[in-house]
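Okay, here's what each chain looks like letter by letter:
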Amino acid sequence: MAIRKYAILGALALAGVSLFSLSAKAEDVTLTLWSLDKDTQPAPNLVKEFNAQNNGIKIEYRLIQFDDVVTEAMRAYATGQAPDIIAVDNPEHALFSSRGAFLDLTDMIAKSTVIKPENYFPGPLKSVEWDGKYFGVPKATNTIALYYNKDMFKAKGLDPAKPPQTWDELVEDARKLTDPAKNVYGLAFSAKANEEGTFQFLPWAQMGGGSYEHINADGAVKALEIWKTIMDEKLASPDTLTRGQWDSTGTFNSGNAAMAISGPWELDRMTQEAKFDWGVTLLPVPKEGAERSSAMGDFNWAIFATSKHPAEAFKALEYFASQDDKMFKNFGQLPARSDISIPESGQPLKDAALKVFLEQLKYAKPRGPHPQWPKISKAIQDAIQAALTGQMSPKDALDQAADKIKAVLG
């Protein structure tokens, strides 16, 4: 009996060890994360750093293509195969949040010592909100401002210390700077019939007192009339209608445009390619003292509501947020936070430009947020194209866009 008793106790002890081992192993959680970021961009590098901590949570990374983000992610959510974490473009965030696809992080954020809403710029923070709650965390941000060639300003008798501050000044300077004989346009920007066109035009409409809900406000019509004047007078290249921001800014770098509306993602390329003195100033406003606005780009982190490991996924987001102070230094991207000081690079032109972009971010507004943003944006894109190609007047084009958007909003 004694032998049998000890045998049973021994077996139970072994079972206990085995059960403990299984329990410990079960704590090694594996998360999946989808993002567009390539090897030189934040997401895969943050994943590697997080995994190197060996904290019982491991992340598997999947690179997805831009056109596939919404389609693949919504399909994965509908079929129960969504990742735990995803990075989505900020205007698409509301689509997922409104359909219950993203996890409400409000309570987790309230308890977090790392992620604090008050530390974020208003625009990026608003892009993760839906129905008064937080459904994500801003990953990074960007905006647009006006680059200008100081050497060309001097050559045309313009003061390089006084770049254009109003819409009228912008047009007047563009007229003086345009030089067909030298193949130089006064301004480069993107009016392409995709999200880039909306990204560039919406701040003008907002500065004119409009919004996506009131895209045909008088000031918004005035903004599109200004764009039409620029195109009609050939102050910008005809392919402004078909070129994205990267290509349009390339004409500035090459000396074929005296000014360009673009973002901080160009700073490294500008520093390397531009063989002239250049600067950056805030986007011109309708008139002196008018309200400022600017576009707001980049991506947000979110956790899918179907994640089996929401607490662990949020720990990953906290780690990512804790590395925001390295975002610009390591990846050339602006952190979405106003509490982070970006150290100077030692390159005077780049450092001066960065200060302008950080100032511009204070006025940046998200596109939306609205779950039907792609349809809203398409209406704005169509209006831009119709007006600039002469198919419709700016007013008629924006009136038509307003009707389309009203139908979407219900």
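Look a little higher up for the structure.
Please read all numbers here as calculations on a predicted model, not as lab measurements.

Enquirer: What is the right way to look at the pattern of salt bridges in this model?
Expert: When the charged atoms of two side chains with opposite charge come close together, those side chains can pair. Inspection of every chain in the model, using the stated rule, returns 20 salt bridges. Of the charged contacts in the structure, one is a salt bridge between Glu291 and Lys365, with a shortest N-O distance of 3.2 Å. With Glu291 in the loop between β9 (278-281) and β10 (299-303) and Lys365 in the loop between α15 (348-361) and α16 (373-388), the pair connects residues that are 74 residues apart, well separated along the chain. Overall, Glu291 belongs to the exposed group, its relative accessible area being 52%. What you see here is one network of salt bridges that share partners, running through Glu172, Arg175 and Glu233.

Enquirer: Just to check I follow, could you spell out the sheet that holds strand β6 (residues 137-138) for this structure?
Expert: Strand-to-strand pairing in sheets goes through backbone hydrogen bonds, with the strands running parallel or antiparallel. The sheet built from five strands is open, its strands ordered β2-β1-β3-β10-β6 with mixed pairing. Among the strands making up the open sheet, the edge pair consists of β2 (57-63) and β6. Inspection of the sheet shows strand β3 (residues 85-89) paired to β10 by five bridges, in the antiparallel sense. Its bridge partner being in β10, Ile86 is matched across the sheet by Ala302. Across the sheet, helix α13 (residues 310-322) is in contact with β1 (29-35), β2, β3, β6 and β10; its angle to β10 comes to roughly 155°.

Enquirer: I keep staring at the side chain of Asn90 and nothing clicks. Help me out?
Expert: Topologically, Asn90 is positioned in the loop between β3 and α4 (93-98). Within the local environment of Asn90, its side chain forms a polar contact with the backbone oxygen of Met296, the two atoms lying 3.3 Å apart. At a separation of 2.9 Å, a polar atom in the side chain of Asn90 contacts the main-chain carbonyl oxygen of Asp298. Residues in contact with Asn90, not counting those within four places in the same chain, are Ser127, Met296, Gly297, Asp298, Phe299, Asn300, Pro366 and Arg367.

Each value, and the rule that gives it
Residues numbered from 1 in each chain as written. Predicted model: local features only at pLDDT ≥ 70, side-chain atom pairs only at ≥ 80, totals over all residues. Heavy atoms only, no water. Salt bridge = Lys/Arg side-chain N within 4 Å of Asp/Glu carboxyl O. Helix = DSSP H or I, 4+ residues; strand = E, 2+ residues; numbered from the N terminus. Buried < 20%, exposed > 50% of the residue type's maximum accessible area, 1.4 Å probe, protein only. Pairing = 2+ DSSP bridges. Contact = heavy atoms within 4.5 Å. Axes fitted to C-alpha atoms, helices over the stretch in contact; angles between N-to-C directions. Polar contact = N/O pair within 3.5 Å; in protein donor to acceptor, adjacent residues only side chain to side chain.

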